[in-house]
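Summary of structural features
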Amino acid sequence: MKLLFKLLLIASMAAAVACDNKRLPYMGEPEKVVKTVDGQEVEELDYPAIPPFAFTNQDNRPVTEADFKGKIYVADFFFTTCPTICPVMKKNMLKVYDEVKDNPDVRILSHTIDPEHDTPAVLKTYSNDLGVSNATWQFVTGDREKIYEIGQQHYLITAAEDAKSPGGFLHSGHFVLLDKDRHIRGMYDGTTDEGTYELIRDIRTLLKEYAQ
């Protein structure tokens, strides 16, 4: 029995170490690049990153990639008059917000896909109604085509005007996790509790990765 107990203890300790050392994958198609390290050329995989952007937030202030320098963040796409999945997504994102709102290393970035309606004033009312009280969660509007482009080509989500869809817009319900270099490190179903809690766990994992 003592031997069995020791074996179980060793196994549990190994599992804990493996969990602590877990690293999230990178998403997107990488390119092979050659870099010089210690005087020698080495080949590395360079994963795609979210490009520079410029939008306007709920306080009518500019928001760019510089505001996210040195931070991990969660991105999503929505519109305030959405009659289908957005209310569920925002209820779930509130769980993420409650988890990270006091952490200066984490941000949330929600892009409207209906910028004509969702002005900064509308977004301000929307964020107030959700109970967002600090700069952790940014709601942004801007040029429609630039929002669609960054969503579909870089965040790898669906965002488009579609007269046949409820509310007139088609978008996916994913939450996207980005690291401090704006690489995608995870995608989660923002319409489910399972996807939301997986995201929260992976935020903790990514923070540990930077703490090591």
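Above this note sits the structure.
Quick look at the structure, then. Just so you know, these numbers come straight off a predicted model, no measurement behind them. (Residues numbered from 1 in each chain as written. Predicted model: local features only at pLDDT ≥ 70, side-chain atom pairs only at ≥ 80, totals over all residues. Heavy atoms only, no water.)

1. Comments concerning the packing of helix H2 (residues 86-100) against helix H5 (residues 193-211)
Relative orientation and spacing of two packed helices are given, respectively, by the angle between their axes and the distance between those axes. Across the interface, H2 lies against H5 with an axial gap of 9 Å and an inter-helix angle of 20 degrees. Viewed along their axes, H2 and H5 adopt a mutual orientation that is roughly parallel. The chirality of how H2 crosses H5 is right-handed. Counted together, Asn 92, Lys 95, Val 96, Glu 99 and Val 100 of H2 and Asp 193, Thr 196, Tyr 197, Leu 199, Ile 200, Ile 203 and Arg 204 of H5 form the full contact between these two elements. Of the residues contributing to the contact of H2 with H5, the split by class is 6 nonpolar, 2 polar and 4 charged. (Axes fitted to C-alpha atoms, helices over the stretch in contact; angles between N-to-C directions. Helix = DSSP H or I, 4+ residues; strand = E, 2+ residues; numbered from the N terminus. Parallel < 35°, antiparallel > 145°, perpendicular 65-115°, else oblique. Left-handed = near helix turned anticlockwise from the far one by under 90°. Contact = heavy atoms within 4.5 Å. Nonpolar A, V, L, I, M, F, W, Y, C, P; charged D, E, K, R; others polar.)

2. Quick word on the sheet that holds strand E11 (residues 184-189)
Pairing is mixed across the open sheet formed by 7 strands, whose spatial order is E4-E3-E7-E6-E5-E10-E11. Strand pairing shows two members of the sheet lacking a second neighbour, strand E4 (62-64) and E11, which therefore form its edges. This sheet shows a mean twist of 35 degrees between the axes of neighbouring strands, independent of strand direction. In the packing of H5 onto the sheet, the strands contacted are strand E5 (72-78), strand E6 (106-112), strand E10 (174-178) and E11, and the crossing angle to E11 comes to about 165 degrees. (Pairing = 2+ DSSP bridges.)

3. What about helix H3 (residues 120-130)?
What H3 keeps buried is the set Pro 120, Leu 123, Tyr 126 and Ser 127. Looking down the long axis of H3, one finds its buried residues gathered within 120 degrees of arc, a one-sided arrangement. Turned more than 90 degrees off the buried face of H3, the exposed positions are Ala 121 and Asp 129. For H3, the secondary structure elements touched by its buried residues are strand E3 (54-57), E5, H2 and strand E7 (137-141). Positioned one or two residues after H3, Gly 131 has a phi angle of 90 degrees, which is positive. (Buried < 20%, exposed > 50% of the residue type's maximum accessible area, 1.4 Å probe, protein only. Arc of directions from axis to C-beta.)

4. Points about the pattern of salt bridges
Per the stated rule, a full pass over the model turns up 11 salt bridges. The salt bridge involving Asp 59 is made with Lys 124; its shortest N-O contact spans 2.7 Å. Of this pair, Asp 59 sits in the loop between E3 and E4 while Lys 124 sits in helix H3; the two residues are 65 residues apart in sequence, bridging distant segments of the chain. The residue Arg 185 makes a salt bridge to Glu 209 at a minimum N-O spacing of 3.1 Å. Here the residue Arg 185 occupies a position in strand E11, and Glu 209 occupies one in helix H5, the gap between them amounting to 24 residues. Each member of the pair, Arg 185 as well as Glu 209, is classed as buried. Linked through salt bridges whose partners overlap, the residues forming this network are Arg 23, Asp 179, Arg 185 and Glu 209. (Salt bridge = Lys/Arg side-chain N within 4 Å of Asp/Glu carboxyl O.)

5. A look at the pairing of E11
Sheet topology note: the E10/E11 ladder contains 5 bridges and is antiparallel. Counted as the bridge partner of Leu 177 is Gly 186 from E11. Two successive antiparallel strands, E10 and E11, enclose a turn made up of 5 residues, where Arg 182 displays a positive phi of approximately 65 degrees.

6. Focus: unusual backbone geometry
Non-glycine residue Leu 156 carries a positive phi angle of around 65 degrees. Although it is not a glycine, Arg 182 adopts a positive phi angle of roughly 65 degrees.

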